[in-house]
Amino acid sequence: DAGITQSPRHKVTETGTPVTLRCHQTENHRYMYWYRQDPGHGLRLIHYSYGVKDTDKGEVSDGYSVSRSKTEDFLLTLESATSSQTSVYFCAAKQGPGELFFGEGSRLTVL
Amino acid sequence: SQQGEEDPQALSIQEGENATMNCSYKTSINNLQWYRQNSGRGLVHLILIRSNEREKHSGRLRVTLDTSKKSSSLLITASRAADTASYFCASQHKGGYQKVTFGTGTKLQVIP
């Protein structure tokens, strides 16, 4: 267990509402990631961070923004949720070029 | 898309048989990693192979890497029912800031 906590774990929201998912880590990892998982697509990278206030886009970043104001927290925001953003979202973190440590996932349903 | 692909998408074998999964990726890499996921839970790291390595072993796992073909394979020997899970390869992109992208995954079912 690498101390990765995601919140909320489950959320149901309506189209057009803003949503923020939080990832919190306790191991002082430098790098943090947000992925979404959908059937047939595996995990797709949304955004990642390589340090405080340093972020970059992944493969499917449209409609998502992120912020990292301190090492331990990486926030994923859907400014105006759409049904296509219904998914399971995973946060991950690592220190160097080695393995990723994952949270347990956040299941988001947009009605 | 930078996402890699895995083959087969699903695999069903008898306990005791070997399972082979293949991964193709699209970028230059520093290393390639394999992960396991049980029933939609968080992924767990299995093994890492660096770009200058061709083969690596860990217990019942054997990973090969062919950077000229941008492909890797994961072999699980003497499979057990507890190996039933989804398996994903992950590419650590060369350069940049530790960007990691995943393949589409292989769902393995081991029948007791």
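All residue numbers refer to positions counted from 1 along the written sequence of the respective chain. By the order in which they are written, chains take letters starting at A while ligands take numbers starting at 1. In keeping with the model being predicted, local features are shown solely for residues with a pLDDT of at least 70 and side-chain atom pairs are shown and tallied solely at 80 or more, while totals for entire chains, interfaces and linings include all residues. Remark: hydrogens and water are excluded; side-chain values derive from all non-hydrogen atoms of the structure.

Asks: What should I look at first to understand the packing of aromatic side chains in this one?
Replies: The description of an aromatic ring pair rests on the distance of the ring centres and on the angle between the ring planes. Stacked, edge-to-face and tilted labels apply to pairs of Phe, Tyr and Trp rings (six-membered ring for Trp) whose centres lie within 6.5 Å, assigned for plane angles under 30 degrees, over 60, and everything in between, in that order. All chains considered together, the criterion is met by 9 aromatic pairs over all chains. Where Phe90 of chain A meets Phe102 of chain A, the ring centres are 6.4 Å apart and the plane angle is 75 degrees; that geometry is what we call edge-to-face. Residue Phe90 of chain A is found in strand 9 (residues 87–94), and its partner Phe102 of chain A is found in strand 10 (residues 101–102); the two are separated by 12 residues along the sequence. Ring centres of Phe102 of chain A and Tyr35 of chain B lie 5.9 Å apart, and the angle between their planes is 75 degrees; this geometry places the pair in the edge-to-face category. Of this pair, Phe102 of chain A sits in strand 10 while Tyr35 of chain B sits in strand 4 (residues 29–37), which puts the two residues in different chains. Here the two residues Phe102 of chain A and Tyr35 of chain B agree in accessibility, since each one is buried. Three or more aromatic residues link up through ring pairs in this structure, and these residues are Tyr33, Tyr35, Tyr48, Phe90 and Phe102 of chain A together with Tyr35 and Phe102 of chain B. We call a charge positioned above a ring when the Lys NZ or Arg CZ atom is no farther than 6 Å from the ring centre and deviates by at most 35 degrees from the ring normal. Just above the ring of Tyr31 of chain A sits the side chain of Lys94 of chain A; from NZ or CZ to the centre is 5.5 Å. Each helix is a run of H or I in the DSSP string that is no shorter than four residues. Each strand is a run of E no shorter than two, and both are numbered from the N terminus. For every residue, the accessible area (1.4 Å probe, protein chains only) is compared with the maximum for its type, and the residue is labelled buried under 20%, exposed over 50%, or partly exposed between those bounds.

Asks: Sorry, what's going on with the sheet that holds strand 1 (residues 5–7) of chain B here?
Replies: For sheets, the rule is that strands pair by backbone hydrogen bonds, running either parallel or antiparallel. Residue and element names in this part refer to chain B. Following DSSP output, two strands are said to pair if at least two bridges run between them. Strand order across the open sheet formed by 5 strands is 1-3-8-7-6, with antiparallel pairing between neighbours. On the outer flanks of this sheet lie strand 1 and strand 6 (55–58), each paired with one strand and no other. Here the strands of the sheet are splayed against their neighbours by 15 degrees on average, with no regard to which way each runs. Pairing geometry for strand 1 and strand 3 (residues 19–24), over 3 bridges, is antiparallel. For Glu5, the partnering residue across the bridge sits in strand 3 and is Ser24. A fitted line through C-alpha atoms serves as each axis, taken over the contacting stretch for helices, and the angle formed by two N-to-C directions is quoted from 0 to 180°.

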